[in-house]
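Chains, contacts and geometry: an overview
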Amino acid sequence: MREAYVIDAVRTPVGKRGGALAAVHPADLGAAALRGLVERNNIDPAVVDDVVMGCCDTIGPQSGNVARTAWLAAGYPESVPGVTVDRQCGSSQQAITFGAQAIMSGTSEVIVAGGLQNMSAIPISAAMLAGQQYGFDAPFVGAHGWDHRYGTGEVSQFNSATMIAEKWDVSRRDMEEWALRSHDRARKAIVEGKFDREIVPVGDFWIDQGPRETSLEKMAGLQPLAEGSRITAALASQISDGASATLLASDWAVQEYGLTPRARIHHVSARGADPIYMLTAPIPATKWALEKTGLTIDDMDVIEINEAFASVVLAWIKETGANPEKVNVNGGAIALGHPLGATGAKLFASLLNELERVNGRYGLLTICEGGGTANVTIIERLG
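To start, this report covers the structure provided alongside it. (Residues numbered from 1 in each chain as written. Predicted model: local features only at pLDDT ≥ 70, side-chain atom pairs only at ≥ 80, totals over all residues. Heavy atoms only, no water.)

**Notes on the overall build of the protein chain**
For the protein chain, the helix and strand inventory stands at 13 helices and 10 strands. Relative to the 2.2 N^0.38 estimate, which gives 21 Å for 383 residues, the radius of gyration of the protein chain is 20 Å and therefore close to what a compact globule would have. Dimensions of the protein chain, computed from C-alpha atoms along their principal axes, come out at roughly 60 × 50 × 40 Å. Counting across all 383 residues of the protein chain, residues that qualify as buried make up 57%. Surface summary for the protein chain: the accessible area is close to 15100 Å², and the carbon and sulfur share equals 50%. Averaging the coordinates of the 32 positive side-chain charges in the protein chain and doing the same for the 44 negative ones gives two points 4 Å apart. (Helix = DSSP H or I, 4+ residues; strand = E, 2+ residues; numbered from the N terminus. Rg over C-alpha atoms; globule rule 2.2 N^0.38 Å. Buried < 20%, exposed > 50% of the residue type's maximum accessible area, 1.4 Å probe, protein only. Areas by Shrake-Rupley, 256 points an atom, 1.4 Å probe, with all protein chains shown as cover. Lys, Arg positive; Asp, Glu negative; His and termini not counted. Charge placed at Lys NZ, Arg CZ, Asp CG, Glu CD.)

Spelled out as structure tokens, the structure:
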């Protein structure tokens, strides 16, 4: 099997809901990341075999294969195709997986993989609600096989986060301390310029808007999202806007186009778990990936796990035994935001840069996803 090399990974700064990117068309948002990636690597866009981008809630300006629209909006060749991937929160991580697999299989030489999402323009779950005008109240209810297997009860990430906190005995205080750490780490990373290499600006906007000054006292005063729940808004990822892009290449393309690999894709996989608990799949997915590679969690020098909710991360740490000091070291989605379709490749960019910064060898990325699935990507730094 051929190697899939990581040439570069970039992202836009993340705008908060109603913030700096709210009025940017999703295709233009994706185009900003694509242009930043292509221009700084001085590669002819015509040699790209495919553009694979993640996006959720693909209605309105995010419909019609927005990956293709974003590539064309960037001004790049019509000869290059594009495809949009929806694996919920892991969509752009799956885009990287598809790109790596295409290169490893020998069917492609150069792939651009990333994602985009404007949650200010198209609210979360908009696609799920769009069916109501046609008589479908929810994506699941009414499917006889689903109803027989899982019932007709609530299927939501908020309920999932609460159930996880209860099952793994993660206290509200534990989650608030993690959330505070996320904000503190993110603000520190911004001040120290740790995101500078991965960010490509959108106009004159270039600094993440999400991180804020907060305290345990402020968080303790918030009301839970539901009666009896341990989850508050402070313990969840922020609704955000952003885009991301990654350049992957084969060994032939590296030589042919004079590219310099920064890492190689060591492992890609995805696993599933209970769709009602929904957000627990990173636990079996991580264990599966480590078993397949023969590596241990201690072999990972840098770890990114999406902070959909603090309970998800803390339960995962309990189950895997990961060192918290290696996890989301520059903050996570609680502070930096979670632009759904863009998050996977966004975290991939952060993982790559931090792995280089600490002179580490292996980095692991995992994301919980709607439907009870999770992706895992392990990269090995080169150089």
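**A look at the pattern of salt bridges**
Considering all chains together, one arrives at 20 salt bridges under this definition. Arginine 185 is the salt-bridge partner of glutamate 325, the closest N and O atoms lying 3.5 Å from each other. Highlighted residues: glutamate 325 in the loop between helix H11 (310-320) and helix H12 (333-336) and arginine 185 in helix H7 (residues 172-191), separated in sequence by 140 residues. For arginine 185, a relative accessible area of 14% gives the class buried. The shortest N-O distance in the salt bridge between arginine 262 and glutamate 356 comes to 2.6 Å. Taken together, the positions of arginine 262 in the loop between helix H9 (251-257) and strand S7 (263-272) and glutamate 356 in helix H13 (residues 343-357) put the pair 94 residues apart, joining distant regions of the chain. A cluster of three or more residues bridged by salt bridges with shared partners is formed by Asp8, Arg40, Arg197, Arg262 and Glu356. (Salt bridge = Lys/Arg side-chain N within 4 Å of Asp/Glu carboxyl O.)

**Brief notes about the pairing of strand S4 (residues 82-85)**
Relative to S4, strand S3 (residues 50-54) runs parallel, the two sharing 4 bridges. The partner of methionine 53 across the bridge, within S4, is threonine 84. Note that the unit made of S3, helix H2 (residues 66-73) and S4 has a crossover that is right-handed. (Pairing = 2+ DSSP bridges. Right-handed = clockwise from strand over helix to strand, strands pointing away.)

**Brief notes about H2**
The α-helix winds at 3.6 residues per turn, so residues separated by three or four positions along the chain end up facing the same way. Looking at H2, one finds that the buried residues are Val66, Ala67, Ala70 and Trp71. With its buried residues spanning 145° around the axis, H2 presents them on a single face. Against the buried residues of H2 lie helix H1 (26-41), S3, S4 and strand S5 (110-118). In the stretch just after H2, glycine 75 is the one whose phi turns positive, near 90°. (Arc of directions from axis to C-beta. Contact = heavy atoms within 4.5 Å.)

**Comments concerning the environment of valine 83**
Tracing the backbone shows valine 83 in strand S4. Sequence-wise, valine 83 and leucine 352 are 269 residues apart; in three dimensions their C-alpha atoms are separated by 24 Å. When near neighbours in sequence (up to four residues on either side) are disregarded, valine 83 contacts Asp50, Val51, Val52, Met53, Asn65 and Ala67.

**Some thoughts on the side chain of threonine 246**
In this fold, threonine 246 is placed in strand S6 (residues 240-249). Residue classification places threonine 246 among the buried residues on the basis of a relative accessible area of 0%. Not counting residues up to four positions away in its chain, the partners in contact with threonine 246 are Val6, Asp8, Ala9, Leu37, Ile96, Ile111, Val112, Ala113, Ala345 and Phe348.

**Thoughts on helix H6 (residues 157-167)**
Of the residues making up H6, those classed as buried are Ser160, Ala161, Thr162, Met163, Ile164 and Ala165. Taken from the residues just after H6, aspartate 169 is the one with a positive phi, measuring 50°.

**Concerning the side chain of serine 229**
Inspection of the secondary structure puts serine 229 in the loop between helix H8 (216-220) and S6. On the basis of relative accessibility, which here comes to 11%, the residue serine 229 falls in the buried class. A polar side-chain atom of serine 229 sits 2.7 Å from a polar atom in the side chain of threonine 162. Residues in contact with serine 229, not counting those within four places in the same chain, are Thr162 and Pro224. (Polar contact = N/O pair within 3.5 Å; in protein donor to acceptor, adjacent residues only side chain to side chain.)

**A short note on the packing of H7 against H11**
Packing of H7 against H11 brings their axes to within 9 Å, and their N-to-C directions diverge by 100°. One element, H7, and the other, H11, form an angle in the roughly perpendicular class. Contacts between H7 and H11 involve Asp174, Met175 and Trp178 on the former and, on the latter, Ala310, Ser311, Val313, Leu314 and Ile317. (Axes fitted to C-alpha atoms, helices over the stretch in contact; angles between N-to-C directions. Parallel < 35°, antiparallel > 145°, perpendicular 65-115°, else oblique.)

**A word on the nonpolar core**
Ranked by size, the top nonpolar core spans 45 residues in total, and within it Met300, Trp316 and Val327 carry the most contacts. Broken down by secondary-structure element, the contributors of at least two residues to this core are H6, H7, H8, helix H10 (282-293), strand S8 (300-305), H11, strand S9 (362-369) and strand S10 (373-381). In this structure valine 327 touches Trp178, Arg185, Ile303, Ile305, Val313, Trp316, Ile317 and Ala322, once residues within four positions along its chain are discounted. One finds Val10, Leu29, Trp71 and Leu116 within the second-largest nonpolar core, a separate group that totals 38 residues. (Core = buried A, V, L, I, M, F, W, Y, C linked by side-chain atoms within 4.5 Å.)

**Examining the pairing of S10**
Judged by how many residues are buried, S10 sits mostly within the fold: 9 of 9 residues are covered. Note that S7 and S10 share 9 bridges and pair antiparallel. Residue pairing across strands places serine 269 opposite valine 376, the latter belonging to S10. The pairing of S9 with S10 spans 8 bridges and is classified as antiparallel. The partner of tyrosine 362 across the bridge, within S10, is glutamate 380. Linking S9 back to S10 in an antiparallel pair, the connection comprises 3 residues, with glycine 371 at a positive phi of about 95°.

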